[in-house]
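In case you want the letters, here they are:
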Amino acid sequence: MMDMIKTSIVVVVILILMAIVFLVIGNIKYDKENIPRNELIESEPTVSLLFDRIENQTINRKAKLINDEMSTVEVTKYILENLDDKDKNIKKYKGNKEFCVINSNILFETNANECNVLILNSEQIMSYQKKYFGIEKKLEYEDFQYKGYTCKSGEDEYYCLINKYNDYIYGYSTFDSAYEEKNMVVIKEYYFQIDVSDNDKCLMYFDEEYCKNYAKKERPYLDKDIIKENGVLYKHIFRETSDNYYLENSFIVSER
């Protein structure tokens, strides 16, 4: 008889514990599903600010971008596209129509009598990577070429030779939706990229007159419905800090 009572008590205790566990799990799930989500419109100041950082940008477009996995080169390419005018330290160096000598360790091949070089120091790069991507990674310098820049690493900075360059790969963006949740802002954006120097591709979206003379023409307008129909849908997650928002990750939600 005593054994039956003990068994019953044990069963009751187990059932009570199971009920508590399920209740806790249910509350956690309920809380996650009911996190307040504030829908935002495109003209919202914060959305406008953040969308401006990604709109039409061709740089670092990939299936999935994670901020703390970005290399120093990837961060620096983004900085070159988004460097504030006040931070542009451009110096002229004399050339001899063969080389442009910066110092005993760095020289650029050139056929000019002088060259313009943009200098980015480690303090600037660290500041920008924290502002835009929220990371404070150790910088790992390596030489690279990006659009009109040929960048070589010094001990604590990049020296980027500024070359004449025409970029005919155009990125087009159109806003889809945005919302605010806890300490982050999420923006969905349709993105489409086209190389107008490819005549066949150019003629799919623009008229023959433009495609024959694209090098002399301004960047053409592309209707947002075409961008949505032919582009991919990106989701960008910006994390809030005390005085800024930084891009935490960015990935393709759906492809055409």
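Asks: Which residues make up the overall build of the chain, and what are the values?
Replies: Helix and strand content of the chain: seven helices and 13 strands. Residues counted as buried form 38% of the 256 residues belonging to the chain.

Asks: So what about the nonpolar core? Which residues, and what values?
Replies: Grouped together as the largest cluster of nonpolar side chains are 34 residues, with contacts concentrated most on Leu80, Phe133, Tyr158 and Ile187. Here this core gets five residues from one element, more than from any other, and that element is helix α3 (residues 72-82). Leaving out residues up to four positions away in the same chain, isoleucine 187 has contacts with Val47, Leu50, Phe51, Ile54, Phe175, Ser177, Ala178, Tyr234, Lys235, His236 and Phe238. Grouped together as the second largest cluster of nonpolar side chains are 14 residues, Tyr190, Ile194, Phe206 and Cys211 included.

Asks: I'd like to hear about the pattern of salt bridges, residue by residue, with values.
Replies: This structure, assessed with the given rule, holds eleven salt bridges. The partner of arginine 37 in a salt bridge is glutamate 181, with the nearest N and O atoms 3.2 Å apart. Remark: glutamate 181 occurs in strand β10 (residues 169-181) and arginine 37 occurs in strand β1 (residues 37-40); sequence separation between them is 144 residues. The class of glutamate 181 is buried, set by a relative accessible area of 13%. A salt bridge links lysine 88 to aspartate 85; its shortest N-O distance comes to 3.2 Å. Within the structure, one salt-bridge network assembled from shared partners comprises Glu81, Lys147 and Asp167.

Asks: Outline the packing of aromatic side chains, supporting the account with residue identities and numerical values.
Replies: Scanning the entire structure with this criterion turns up ten aromatic pairs. When the ring of phenylalanine 51 is compared with that of phenylalanine 175, the centres are 5.9 Å apart and the planes differ by 90°; the resulting orientation is edge-to-face. Residue phenylalanine 51 is found in helix α2 (residues 45-54), and its partner phenylalanine 175 is found in strand β10; the two are separated by 124 residues along the sequence. A relative accessible area of 5% means that phenylalanine 51 is categorised as buried. Judged by relative accessible area, phenylalanine 175 falls into the buried class, the value being 13%. Measuring from centroid to centroid gives 5.1 Å for phenylalanine 192 and tyrosine 205, while their planes differ by 65°, and the two rings are edge-to-face. Separated by 13 residues along the polypeptide, phenylalanine 192 in strand β11 (residues 184-195) and tyrosine 205 in helix α5 (residues 199-205) bring together distant segments of the chain. Judged by its relative accessible area of 10%, phenylalanine 192 is buried. Grouped by ring-pair contacts, the aromatic residues Tyr78, Tyr128, Tyr132 and Phe133 constitute a single cluster.

Asks: Could you give me a rundown of the state of the cysteines, with the residues and numbers involved?
Replies: All told, the structure shown has three disulfides when counted by the stated rule. With its sulfur 1.8 Å from that of its partner, cysteine 100 forms a disulfide with cysteine 115. Every disulfide takes its handedness from the sign of the S-S torsion; for cysteine 100 and cysteine 115 that torsion is -60°, giving left-handed. With cysteine 100 in strand β4 (residues 99-101) and cysteine 115 in strand β6 (residues 114-121), this pair connects stretches of sequence that are 15 residues apart.

Analysis parameters
Sequence positions are assigned chain by chain, starting from 1 and proceeding in written order. Reporting in this predicted model follows two pLDDT cut-offs: at least 70 for local features of residues, and 80 or more for side-chain atom pairs to be given and counted; totals over whole chains, interfaces and linings ignore these cut-offs and use all residues. Side-chain calculation: all heavy atoms of the structure are included, whereas hydrogens and water are not. Put simply, DSSP marks the helices as runs of H or I at least four residues long and the strands as runs of E at least two long, and each gets a number from the N terminus on. Residue exposure (1.4 Å probe, protein chains only): buried if accessible area is under 20% of the type maximum, exposed if over 50%, otherwise partly exposed. Definition used in this section: a nonpolar core is a set of buried Ala, Val, Leu, Ile, Met, Phe, Trp, Tyr and Cys residues joined via side-chain atoms within 4.5 Å. Whether two residues are in contact is decided by their heavy atoms, any of which lying within 4.5 Å being enough. Definition used for salt bridges: Asp or Glu carboxyl oxygen within 4 Å of a side-chain nitrogen of Lys or Arg. In this analysis, rings of Phe, Tyr and Trp, with Trp reduced to its six-membered ring, are considered paired at centre separations within 6.5 Å, and the interplanar angle assigns stacked below 30 degrees, edge-to-face beyond 60, and tilted for intermediate values. When two cysteine sulfur atoms are found within 2.5 Å, that pair is recorded as a disulfide.

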